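For reference, the chains in residue letters:
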Amino acid sequence: LLNQLFTPIVNIIYRYQGDIDKFIGDAFLAVFKYPEMALLSGIMIQDEIISYNENLKENTQNISNFRLGIHYGKVIRGSVGGTVRFDNTLIGDPINTAQRLESMSPAGGILASKEIISKVEELKQFNIPYNIYNLKGKNRDIEASLFYEFYKKNPEIKNILFKKRMQIEQKNIH
């Protein structure tokens with residue numbers, strides 16, 4: 001079941017210029033160079049899971065939901081471990097923050113930090129509501145939005161992010 005579900009998710013992440021750092025049981029950690037691509041990927045993943053679940057319901061199978069946490073910041077990518085075994089990994093506070101946001105997100109939702117949403121200039125035209133979250137192990141609160149719920153009420157966000165994706169890809173070609 002997980003492999004069936006991860007296949008389209010991985011395809012979405014790579015389609016939007018992301019990379020999978022690791023799979024952690026029934027979870028995954030992905031990293032993106034562009035905030036727009038991370039947010040668009042999150043929307044596309046949740047849309048895909050809804051479609052996937054509709055097919056499961058038709059076959060009277062149990063449905064699956066993912067919670068997503070999306071945050072912005074600089075991380076270190078490198079190898080950790082000993083001389084016998086090591087893994088490539090991402091290290092840094094943004095990774096921990098994204099994981100904590102994910103754990104607070106509702107099933108089928110995206111909890112995105114204000115830091116990442118504010119990096120997308122085109123989203124500033126929306127009055128995106130933020131709540132204050134007290135994250136475990138953090139000495140400061142963080143502002144975050146239930147981004148997928150907001151997107152469902154404002155579906156033009158997907159078109160804005162697609163347009164931004166095209167601009168990014170054109171820039172990378174030249």
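Our structure is the block above this text.
Everything in this summary refers to the structure shown in the same document.

### As for the side chain of Lys158
Tracing the backbone shows Lys158 in helix 6 (residues 156–173). Residue Lys158 is classed as buried on the basis of its relative accessible area, which comes to 18%. One polar contact links Lys158 to Tyr151, side chain to side chain, over a distance of 3.3 Å. The contacts of Lys158, once residues within four sequence positions are left out, are Leu40, Ile43, Met44, Asp47 and Tyr151.

### Some words on the environment of Arg85
Summarising the element assignment, Arg85 is placed in the loop between strand 4 (76–81) and strand 5 (86–91). A polar atom in the side chain of Arg85 sits 2.9 Å from the side chain of Asp87.

### A short note on helix 3 (residues 93–104)
Taking 1.5 Å of rise per residue, the 12 residues of helix 3 would be expected to cover 16 Å, and the 17 Å separating its terminal C-alpha atoms lies within 8% of that figure. Among all positions of helix 3, only Pro94, Ile95, Thr97, Ala98 and Leu101 are buried. Buried residues of helix 3 fall within an arc of 165° about the axis and therefore sit on the same side. Where helix 3 is buried, its residues touch strand 2 (27–32), strand 3 (68–70), strand 5, strand 6 (110–113) and strand 8 (142–146).

### Some words on the nonpolar core
One finds Ile9, Phe28, Leu39, Leu123, Phe147 and Ile157 to be the most contacted residues of the largest nonpolar core, which totals 39 residues. Elements that contribute at least two residues to this core include exactly helix 1 (2–15), helix 2 (35–58), strand 3, strand 6, helix 4 (114–117), helix 5 (147–153) and helix 6. Counting residues per element, this core draws most heavily on helix 2, at 10 residues. In this structure, Leu39 is in contact with Ile70, Ala112, Ile116, Ile117, Val120, Leu123, Phe147 and Leu161, ignoring residues within four places of it in sequence. Leu101, Tyr133, Leu135 and Ile142 belong to the second-largest nonpolar core, a separate cluster that totals 6 residues.

### Quick look at the sheet that holds strand 6
Pairing is mixed in the open sheet, where 4 strands are placed in the order 3-6-8-7. Of all the strands in the sheet, just strand 3 and strand 7 (131–133) have a single pairing partner and so form its edges. Between one strand axis and the next, the sheet turns by 35° as a mean value, whatever way the strands run. As paired strands, strand 3 and strand 6 are joined by 3 bridges and run parallel to one another. Residue pairing across strands places Ile70 opposite Ala112, the latter belonging to strand 6.

### Examining the environment of Ala98
For Ala98, the location among the structural elements is in helix 3. For the pair Ala98 and Leu135, spaced 37 residues apart in sequence, the C-alpha separation works out to 10 Å. Among residues more than four places away in sequence, those in contact with Ala98 are Gly69 and His71.

The rules we used
- Residues numbered from 1 in each chain as written.
- Predicted model: local features only at pLDDT ≥ 70, side-chain atom pairs only at ≥ 80, totals over all residues.
- Heavy atoms only, no water.
- Helix = DSSP H or I, 4+ residues; strand = E, 2+ residues; numbered from the N terminus.
- Buried < 20%, exposed > 50% of the residue type's maximum accessible area, 1.4 Å probe, protein only.
- Polar contact = N/O pair within 3.5 Å; in protein donor to acceptor, adjacent residues only side chain to side chain.
- Contact = heavy atoms within 4.5 Å.
- Expected span 1.5 Å × (residues − 1).
- Arc of directions from axis to C-beta.
- Core = buried A, V, L, I, M, F, W, Y, C linked by side-chain atoms within 4.5 Å.
- Pairing = 2+ DSSP bridges.
- Axes fitted to C-alpha atoms, helices over the stretch in contact; angles between N-to-C directions.

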